[in-house]
Amino acid sequence: EAQVTQNPRYLITVTGKKLTVTCSQNMNHEYMSWYRQDPGLGLRQIYYSMNVEVTDKGDVPEGYKVSRKEKRNFPLILESPSPNQTSLYFCASSSTGGWSPLHFGNGTRLTVT
Amino acid sequence: AQKITQTQPGMFVQEKEAVTLDCTYDTSDPSYGLFWYKQPSSGEMIFLIYQGSYDQQNATEGRYSLNFQKARKSANLVISASQLGDSAMYFCAMRGFQGGSEKLVFGKGTKLTVNP
């Protein structure tokens, strides 16, 4: 089954404790990206990657890191999480031909206390 | 800068009736894609329909159609014969390139409630 898999689904952590949210897709998509969703703000792009070893900042990259060492994986790293990073996070992927729709993971609800 | 505006925070519709969810966009790029996603209360994002800026005909997918008016920069979603399962948040999004970077911008969403 074609899918984008995010883990974990839920995560509660404390300020300053480094964490990684994993994202993997099995559709051989070149494009992958991360979003955060906050009430009343819709989805905002954190980082995206057009292909392996190519990453670019989205609209809200501060406090986040990403890497794209393999085509299928695009982990999101919070080196020193803060409470304002409490949010619902989505990973998504797509092919790059034309304006292809994004396929989303099921989301990761992160709480930073 | 690219921008998506959804002016209806909430909408109500009776089951089996049609409903239109509004979306206006702003971009200076001639080439872009417009998308609608559904987010039920369970939280996942479900792709519904897509329209390319150069597409001549309005997109349709089953009960969903996209009323694309390029001159007005609008891309409204029309859901025909609403069902209770259509109750969800709906997001309009635009994908394009700006300054050499890919941009994907979402609106703030419209919460649709279908009443029996």
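Residues numbered from 1 in each chain as written. Chains lettered and ligands numbered in written order. Predicted model: local features only at pLDDT ≥ 70, side-chain atom pairs only at ≥ 80, totals over all residues. Heavy atoms only, no water.

K.L.:
Explain the overall build of chain A to me, please; I cannot follow it from the model alone.
P.N.:
A count of helices and strands for chain A gives zero helices and 11 strands. For chain A, the succession of helices and strands along the chain, N to C, is β-β-β-β-β-β-β-β-β-β-β. Relative to the compact-globule value of 13 Å for 113 residues, chain A shows a C-alpha radius of gyration of 13 Å, a close match. Structurally, chain A occupies a C-alpha span of about 40 × 30 × 25 Å along its principal axes. In chain A, buried positions account for 49% of the 113 residues. Across chain A, every contact between residues at least 6 apart in sequence was considered, and the portion connecting residues at least 24 apart equals 54%. (Helix = DSSP H or I, 4+ residues; strand = E, 2+ residues; numbered from the N terminus. Rg over C-alpha atoms; globule rule 2.2 N^0.38 Å. Buried < 20%, exposed > 50% of the residue type's maximum accessible area, 1.4 Å probe, protein only. Contact = heavy atoms within 4.5 Å.)

K.L.:
Before we go on, may I ask you to explain the overall build of chain B in this structure?
P.N.:
Summing up its helical and strand segments, chain B has zero helices and 12 strands in all. Secondary structure elements of chain B, listed N to C terminal, follow the sequence β-β-β-β-β-β-β-β-β-β-β-β. Taking 116 residues into account, the globule formula puts the C-alpha radius of gyration at 13 Å, and chain B, at 14 Å, falls close to it. Dimensions of chain B, computed from the C-alpha atoms along their principal axes, are close to 45 × 30 × 20 Å. Here chain B holds 116 residues, and 49% of them are scored as buried. Counting 11 positive and 10 negative side-chain charges, chain B places the averaged centre of each group 5 Å from the other. (Lys, Arg positive; Asp, Glu negative; His and termini not counted. Charge placed at Lys NZ, Arg CZ, Asp CG, Glu CD.)

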